[in-house]
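# What the coordinates show
Okay, here's what each chain looks like letter by letter:
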Amino acid sequence: MDHWIPFWPDTAAVNAVVVNNLYIAELGLAGVIMATVIGMMLTFCIRYWRGSPASRANRVQKTWHFEIAWTVATLAAFLVLFVWGAQVYVWLFEPPPADEEDYVVAKQWMWKIEHPGGQREIDALHVPVDKTIKLVMASEDVIHSFFVPAFRIKHDVVPGTLEVIWFKADKTGVFRLECTQYCGLQHATMTGQVDVLTGADYARWLTDQGVHNSLVQQGEAVFRAHGCSGCHDQNSTVHAPSLVGLYGTLVHLQDGSVQLADEAYIRDCILNPRSFTVAGYPPIMPDFSGQISEGDVFELIAYIKSLKGAQEPDK
Amino acid sequence: MSVTTVERAASVEPPARSQPSYLTSGNTIASWLLTRDHKRIALLFLASITFYFFIGGIAATLMRLNLATPQGLLQPAVYNRMFTMHGIIMVWFFLIPSIPTTFGNFFVPLMIGARDLAFPRVNLASWYVFNLSGLVVLYALIMGGADTGWTFYTPLSTVYANGYVFAAAMAVFINGFSSIMTSLNFIVTIHRMRAPGMTWMRLPLFVWAIYAVSIVMLTATPVLAMDTFLLAVERFIGVGLFDPNHGGDPLLWQHMFWFYSHPAVYIMILPAMGVVSELIPCFARRPIFGYSGMTIALMSLAILSFFVWAHHMFVAGISIYAGIVFSLMTFFVAVPSAIKVFNWTVSLHKGSIVFDAPMLYALGFVLLFTVGGVTGLMLATLAVDVDLHGTYFVIAHFHYIMVGATVSAFFGALHYWWPKITGRLYPEMWARFAAILTYVGFNLTFFPQFILGYLGMARRSYTYPAVWQSWNLLSSAGASILAVAYVLPLLYLGWSLFRGLKATANPWGATGLEWTISSPPPKHNFERTPVVVTEPYCYDPERHTFVTQEGVLHDE
Ligand SMILES: [Cu+2]
Ligand SMILES: [Cu+2]
């Protein structure tokens, strides 16, 4: 949409269409409210300016009828907006099953992206059109915020945890990606682009990257290199939980709580194991923070997610 | 309305002056700097905050200058420091103290018929603490400024930023004590020192607003002190409070910061609402529509303002359910605001409206506040906030409230009470011109930012894609008009100090007690304690009369 004077952003994802409709409805309501206030103000100002002969007799004395009327009216309108907005919010922030999962690492001042096939890119994200893409995001330093205006999706990327967001682009093209949380000197240039390609173009793009090891394979290498396998392998002598089939299950912790084993949980196991222990195991899992980068953690996560043996973990 | 004792006034003129005014009694520097007179302290505050308003304004001018073109003029580091200092100075050194410390200080005692505030020494101390914090913020600014944004988000502010973050945070820390002292003073004064007959339901709405805001200030500001203290602890000692690398939680900062800073938004707007509730009945020459509804709305805003803080965090990774609760609360807080807008507007119905400068500012306030309000509704809607958060839409929204509304009310108050404060009339035509110019300049500056926000322009960016230049250029052009509109009153008001016509006691024909004494008021305010017999705003547009709160009937 390269008008000389742009009025409206691109609408290039199913998410965007839904948010757009809500936005238009709210603009409409805003217009009605403004028109009411301006209309009343103008009418009264013209009719009752000092010099006007209009009668001032019988001024409204009991005001509470009116006040209750507009309290109820505004409250009703607001509740509609609230419910509508909350519904869409839940839909936006609870990712459906994804066709592809990409990993995003934010750092001052760039976006590093890893595809499941092991392809990496910086400040660019290639995705296929009409596919549900899930992004798992981590920050290596301060808080950033991942925002694609044309998709109307945004989520802060907070260090110390993982955030998940999804979208389904429905138009091919190049769209702006930016950071909307002030993150230091070059915050303004922490931008990039999302290239939405047709399925065939995307497949070609993936092979053109000339990568041989998928993320899972890279993760497996990290898993061995850091000695995870020494404790977590099936035939290990150390009393450590098997990681096979872990992803997506509910884990019982020592303190009695139950945790969903999602990406953020696995990350915490690796970088912050001191804060909790899996029920029935000794707290000997080493703390790998400072040794394993957020990028490597993503590879480990991809690997652990891929461990879907027939055998259920013993807990 | 029930006017119990109505005596007809012999003349609108006040009784012959028996004592010198507060301005002329004592002319030494010490008599000003050590004064315990609330009126003089109000003027000291007025001088201080005007100074900071222009410092903050210069930073804003540089920012808009930079954004006129995508390439910009300033170094990124300079731009980042400019918006940080602009935010810190405008919020804590202008907006929060603006109306309470000046007009509140000057007029709350006069409006309730008291000789002074409850604790005159605390009042003076508040000004010194304010200036101490001001010196610290100037130090931070001159040494190079901080570059964190006024929100000091962690871990950027505690671990990564290398500007004068500590000094800036300490300035905010110290500044808070000034707020606490001033608000405590108001609460005690309004509770204990009302003249006989000045019941709660006869208080002018401005006094109600100052009361509501004082409660918010007194309860919220200590949290700010804790916040900035913990920030300093982490920045200096490296205790892991907010830094995840040391086991801290970055979101904890946001919760703590907004727990203060959302109520702070109401600290900035409530006094402005109070001012406008004085101006509209006076210039529409009729009672305010729904007095008790207005007081209920003020108090519910004050209370609800404490339960909406996480609406600043809808995309920060709080739980979805927390998001839903805070969105609902935010819609609730919008209801009393909506009631106020309707009541102000309907207060024009069957009035006898004069369009003097204070009224123009007041009408501007209502319109700009409404724009800020309806866009606030959009931001309260969860899914829409996901898109708009962190963009220029938010910038436009809160400037409509905090500049469009609050600063308009501030100027409205300044013009309305100028004759009382100085004893001089200002030139009406110039003032009307400035009021209209403010309105035009303001909309030109900030309306384009709504569009930029929806297009996706991120706030706190020193550069942007070239396609967005037209709107940015328009905004910068508007800002230059706005700058003129803000400097203009300085000139003609300054002129009026020397050349303006002498003001009578009650040039607007207003009903408040502050208008029953001479202009400028005598040192000890009231010769005898006034007795209040009626509610405020007894204007009669039919007979062109009004009754002061002392029950004296005047013809216009
Ligand atoms: Cu950023
Ligand atoms: Cu807020």
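In the block above lies the structure referred to throughout.
The following refers to the structure shown. This is a predicted model, so every value here is computed, not measured.

What counts, and at which threshold
Residues numbered from 1 in each chain as written. Chains lettered and ligands numbered in written order. Predicted model: local features only at pLDDT ≥ 70, side-chain atom pairs only at ≥ 80, totals over all residues. Heavy atoms only, no water. Helix = DSSP H or I, 4+ residues; strand = E, 2+ residues; numbered from the N terminus. Rg over C-alpha atoms; globule rule 2.2 N^0.38 Å. Buried < 20%, exposed > 50% of the residue type's maximum accessible area, 1.4 Å probe, protein only. Contact = heavy atoms within 4.5 Å. Areas by Shrake-Rupley, 256 points an atom, 1.4 Å probe, with all protein chains shown as cover. Lys, Arg positive; Asp, Glu negative; His and termini not counted. Charge placed at Lys NZ, Arg CZ, Asp CG, Glu CD. Buried area = accessible area lost by both parts, 1.4 Å probe. Salt bridge = Lys/Arg side-chain N within 4 Å of Asp/Glu carboxyl O. Axes fitted to C-alpha atoms, helices over the stretch in contact; angles between N-to-C directions. Left-handed = near helix turned anticlockwise from the far one by under 90°. Nonpolar A, V, L, I, M, F, W, Y, C, P; charged D, E, K, R; others polar. Phe/Tyr/Trp six-rings, centres within 6.5 Å; stacked < 30°, edge-to-face > 60°. Lys NZ or Arg CZ within 6 Å of the ring centre and 35° of its normal. Expected span 1.5 Å × (residues − 1). Donors = N, O, S within 2.8 Å, 3.2 Å for Na, K, Ca; no water. Tetrahedral: all angles 85-135°; square planar, octahedral: opposite > 155°, others 65-115°. Core = buried A, V, L, I, M, F, W, Y, C linked by side-chain atoms within 4.5 Å. Domains from an automatic or database assignment. Pairing = 2+ DSSP bridges. Parallel < 35°, antiparallel > 145°, perpendicular 65-115°, else oblique.

We now examine the overall build of chain B. Helix and strand counts for chain B come out as 15 helices and four strands. Taking 24 Å as the expected radius of gyration for a compact globule of 556 residues, we find that chain B reaches 23 Å, a close match to that expectation. Taken along its principal axes, the extent of the C-alpha atoms in chain B is 75 × 45 × 45 Å. With 556 residues in all, chain B has 69% of them scored as buried. Of all intrachain contacts in chain B linking residues separated by at least 6 positions in sequence, the fraction that spans at least 24 positions is 81%. Here chain B displays about 17,500 Å² of accessible surface, and carbon together with sulfur accounts for 71% of that area. Both charge centroids of chain B, one from 27 positive and one from 22 negative side chains, sit 7 Å from each other.

Quick look at the overall build of chain A now. Assigned secondary structure in chain A consists of seven helices and 12 strands. The C-alpha radius of gyration of chain A comes to 27 Å, more than 25% above the 20 Å expected for a compact globule of 315 residues. Seen along its three principal axes, the alpha-carbon backbone of chain A occupies a region of about 100 × 50 × 40 Å. Classification of the 315 residues of chain A by burial places 49% in the buried group. Considering only contacts within chain A whose residues lie at least 6 apart along the sequence, 64% involve residues at least 24 apart.

Turning to the interface of chain B and chain A, a few remarks are in order. Interfaces are often sized by the amount of accessible area the parts lose when they come together. Contacts between chain B and chain A engage 92 residues on the former and 80 residues on the latter. Roughly 7,500 Å² is buried in total at the junction of chain B and chain A, and carbon and sulfur atoms are behind 71% of that figure. The largest contributions to the chain B side of the interface with chain A come from F342, K350 and Y454 of chain B, which together make up 10% of the buried area. Put simply, chain B and chain A have one salt bridge between them. The partner of E556 of chain B in a salt bridge is R50 of chain A, with the nearest N and O atoms 2.5 Å apart.

This next bit is on the packing of helix α3 (residues 76-112) of chain B against helix α13 (residues 392-422) of chain B. Residue and element names in this part refer to chain B. Viewed as axis vectors pointing N to C, α3 and α13 meet at an angle of 35°, and their least axial separation amounts to 11 Å. For the pair α3 and α13, the sense of crossing is left-handed. Facing Y79, H86, V91, F94, L95, S98, I99, T102, F103, F106, F107 and M111 of α3, the residues of α13 in contact are Y392, H399, M402, T406, V407, A409, F410, A413, L414, W417, K420 and I421. Considered class by class, the residues forming the contact of α3 with α13 number 18 nonpolar, five polar and one charged.

Applying the stated criterion across every chain yields a total of 74 aromatic pairs over all chains. Summarising the aromatic geometry, the rings of F51 of chain B and Y52 of chain B are spaced 5.1 Å apart at their centres and angled 80° between planes, so their arrangement reads as edge-to-face. Among the residues examined, F51 of chain B registers a relative accessible area of 42% and is labelled partly exposed. The ring centre of F147 of chain A lies 3.8 Å from the NZ or CZ of K154 of chain A, which sits over that ring.

For helix α4 (residues 120-143) of chain B, which comprises 24 residues, the first-to-last C-alpha distance of 35 Å matches the rise-based estimate of 34 Å (1.5 Å per residue) to within 8%. Downstream of α4 of chain B by a residue or two, G144 of chain B has a phi angle that is positive, lying close to 135°.

Moving on to the environment of A264 of chain A. Its place among the elements puts A264 of chain A in helix α6 (residues 263-271). Expressed as a C-alpha distance, the spacing of A264 of chain A and L75 of chain A, which sit 189 residues apart in the sequence, is 38 Å.

Residue and element names in this part refer to chain A. Counted according to the given criterion, the structure contains 21 salt bridges over all chains. The salt bridge involving E140 is made with K112; its shortest N-O contact spans 3.7 Å. Pair noted here: E140 is in the loop between β5 (132-139) and β6 (144-148) and K112 is in strand β2 (residues 110-114), with a separation of 28 residues, a long-range link. Notably, a salt bridge pairs R120 with E299, separated by 2.5 Å at the nearest N-O pair. With a gap of 179 residues between them, R120 in strand β3 (residues 120-122) and E299 in helix α7 (residues 294-306) connect regions that are remote in the sequence. Judged by its relative accessible area of 47%, R120 is partly exposed. The class for E299 is buried, based on a relative accessible area of 4%. Linked by salt bridges that have partners in common, E101, K134, E263 and K305 make up one network.

In this section: the coordination of the copper ion (ligand 1). Residue and element names in this part refer to chain A. The copper ion (ligand 1) binds to the protein through C179 (SG), Q181 (O), C183 (SG) and H187 (ND1), with metal-donor distances spanning 2.1 to 2.5 Å. In this structure, the copper ion (ligand 1) is surrounded by four donor atoms whose angles at the metal cover 88 to 125°, and the resulting shape is tetrahedral. Counting gaps between the donor residues of the copper ion (ligand 1) yields the pattern C-x1-Q-x1-C-x3-H. With a relative accessible area of 2%, C179 lands in the buried category. Taking relative accessible area as the criterion, Q181 reaches 8% and is therefore assigned buried.

Once that is clear, we can look at the nonpolar core. Counting 261 residues, the largest nonpolar core has F146 and F151 of chain A together with W92, W344 and F365 of chain B as the members making the most contacts within it. Looking at which domains feed residues into this core, each of domain 1 (9-53 + 63-93) and domain 2 (100-208) of chain A gives three or more. The residues touching F151 of chain A, leaving out its near neighbours within four places in the chain, are A12, A13, N15, A16, F167, A169, F175, V194 and V196 of chain A. In this structure, L162, F298, L300 and A302 of chain A belong to the second largest nonpolar core, which totals 33 residues.

All names here are of chain A. Spatially, β4-β10-β9-β6-β7 is the arrangement adopted by the five strands of the open sheet, whose pairing is mixed. Because the sheet does not close on itself, it has two edges, and the strands there are β4 (124-128) and β7 (153-157). Taking each pair of neighbouring strands and ignoring which way they run, the sheet shows an average axis angle of 20°. Pairing geometry for β4 and strand β10 (residues 192-197), over five bridges, is parallel. Bridge pairing links L125 to V194 in β10.

This part takes up the packing of helix α8 (residues 250-284) of chain B against helix α10 (residues 320-346) of chain B. Residues and elements named next belong to chain B. For the pair α8 and α10, interaxial distance at closest approach is 11 Å and the crossing angle is 20°. By the angle class used here, α8 and α10 are roughly parallel. When you trace α8 past α10, the crossing you get is left-handed. In contact with Y266, M273, V276, S277 and I280 of α8, α10 contributes V333, K340 and W344. Its residues assigned to classes, the contact of α8 with α10 shows six nonpolar, one polar and one charged.

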